[in-house]
Amino acid sequence: MPYDIKKELKELYAPKNRDWALLDVPEQRFLAIDGRGNPNTAESHKKAVEALYAFAYTIKFSAKQRGEDFVVGPLEGLWWADDYTAFTVRAKDSWQWTMLIAQPPWIGEDAVEEARETVWRKKKIDAPVRFEKLHEGRCAQALHVGSYDDEGPLLARLHDEYVAEQGLKLTGLHHEVYLGDPRRTEPAKLKTVLRQPVG
């Protein structure tokens, strides 16, 4: 069976808890690309996501030919702003982001560099996609069901209540995992994992 990160790391990719809970996140490998601006309107965001998927499927097909097949993981994103209230009031134009797609443990930087020439030759995409390891460690995590624009109250609870209740502080970037396809799923049924490194 192909490696499927959603099944291998169910606690991270198939959580059920809709309120904040603590867990330890192991080191992971990702394809990554950076940008800034409103993800709903910035053309750069659309192109970044297209580039990530082009790399992800190129790497998958190459691995499959070697007998190391895997399922391409869901889109993920790290988000930040100079002022964290930008997330609770949805001031998206001030957001900065790194979009991600998780990779199996055996995929390394060499696979990304090998894919770069193929992606350019076949799709004429020249994008600064890179290989990145991320070890978030202790995190607060919750499952949000609904529109991305309705995440504000759950994030406000994290920032204004939960971290203080647990005697914690924010230590890393806000992380989201998109479990549904917004092109095919009505907003009320979208599922998004919200994750925040804490210490």
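To keep things clear, this report deals only with the structure shown in the data block. Note that the coordinates shown come from a computational prediction; the quantities given were computed from them, not determined experimentally. (Residues numbered from 1 in each chain as written. Predicted model: local features only at pLDDT ≥ 70, side-chain atom pairs only at ≥ 80, totals over all residues. Heavy atoms only, no water.)

**Some points on helix α6 (residues 152–165)**
Look at α6: 19 Å from first C-alpha to last across 14 residues, which is about the 20 Å you get at 1.5 Å a residue. A maximum bend of about 40° is found in α6 at Leu158. Buried within α6 are the following residues: Gly152, Leu154, Leu155, Leu158, Tyr162 and Val163. In the stretch just after α6, Gly167 is the one whose phi turns positive, near 65°. (Helix = DSSP H or I, 4+ residues; strand = E, 2+ residues; numbered from the N terminus. Expected span 1.5 Å × (residues − 1). Bend = angle between axes of the 7 residues up to and from the residue. Buried < 20%, exposed > 50% of the residue type's maximum accessible area, 1.4 Å probe, protein only.)

**Structural notes on the sheet that holds strand β8 (residues 191–197)**
Ordered in space as β1-β6-β8-β7-β3-β4-β2-β5, the eight strands form an open sheet in which the pairing is antiparallel. The two strands at the open ends of the sheet, each matched to only one other strand, are β1 (21–25) and β5 (130–134). Averaged over all adjacent pairs, the angle separating strand axes in this sheet is 35°, with direction ignored. Of the pairings in the sheet, the one linking strand β2 (residues 28–36) to β5 comprises five bridges and is antiparallel in character. (Pairing = 2+ DSSP bridges. Axes fitted to C-alpha atoms, helices over the stretch in contact; angles between N-to-C directions.)

**A look at the packing of helix α3 (residues 43–65) against helix α5 (residues 109–123)**
α5 packs onto α3 with a crossing angle of 110° between their chain directions and a minimal axis gap of 9 Å. Taken together, the axes of α3 and α5 lie roughly perpendicular to each other. The way α3 lies across α5 gives a crossing that is right-handed. Residues Ala54, Phe55, Thr58 and Ile59 of α3 lie in contact with α5, whose contacting residues are Ala111, Val112, Ala115, Arg116, Thr118, Val119 and Lys123. The residue makeup of the contact of α3 with α5, split by class, is seven nonpolar, two polar and two charged. (Parallel < 35°, antiparallel > 145°, perpendicular 65-115°, else oblique. Left-handed = near helix turned anticlockwise from the far one by under 90°. Contact = heavy atoms within 4.5 Å. Nonpolar A, V, L, I, M, F, W, Y, C, P; charged D, E, K, R; others polar.)

**Here we look at the nonpolar core**
Leu31, Leu52, Ile59, Met99 and Val129 are the most contacted members of the largest nonpolar core, which has 46 residues in total. Of the residues forming this core, the biggest block, nine residues, is contributed by α3. Aside from chain neighbours lying at most four places away, what touches Leu31 is Leu52, Phe55, Ala56, Ile59, Met99, Leu100, Ile101, Gln103, Val112, Val129 and Arg130. Counting residues in each nonpolar core, the second largest holds ten residues, with Ala140, Leu155, Leu158 and Leu194 among its members. (Core = buried A, V, L, I, M, F, W, Y, C linked by side-chain atoms within 4.5 Å.)

**Some thoughts on the pattern of salt bridges**
Throughout the structure, instances matching the rule amount to 16 salt bridges. Residue Glu186 is joined to Lys189 by a salt bridge in which the shortest nitrogen-to-oxygen separation is 3.9 Å. Residue Lys189 is classed as exposed on the basis of its relative accessible area of 55%. Here the salt bridges share partners, and the residues they tie into one network are Asp19, Arg157, Glu161 and Glu165. (Salt bridge = Lys/Arg side-chain N within 4 Å of Asp/Glu carboxyl O.)

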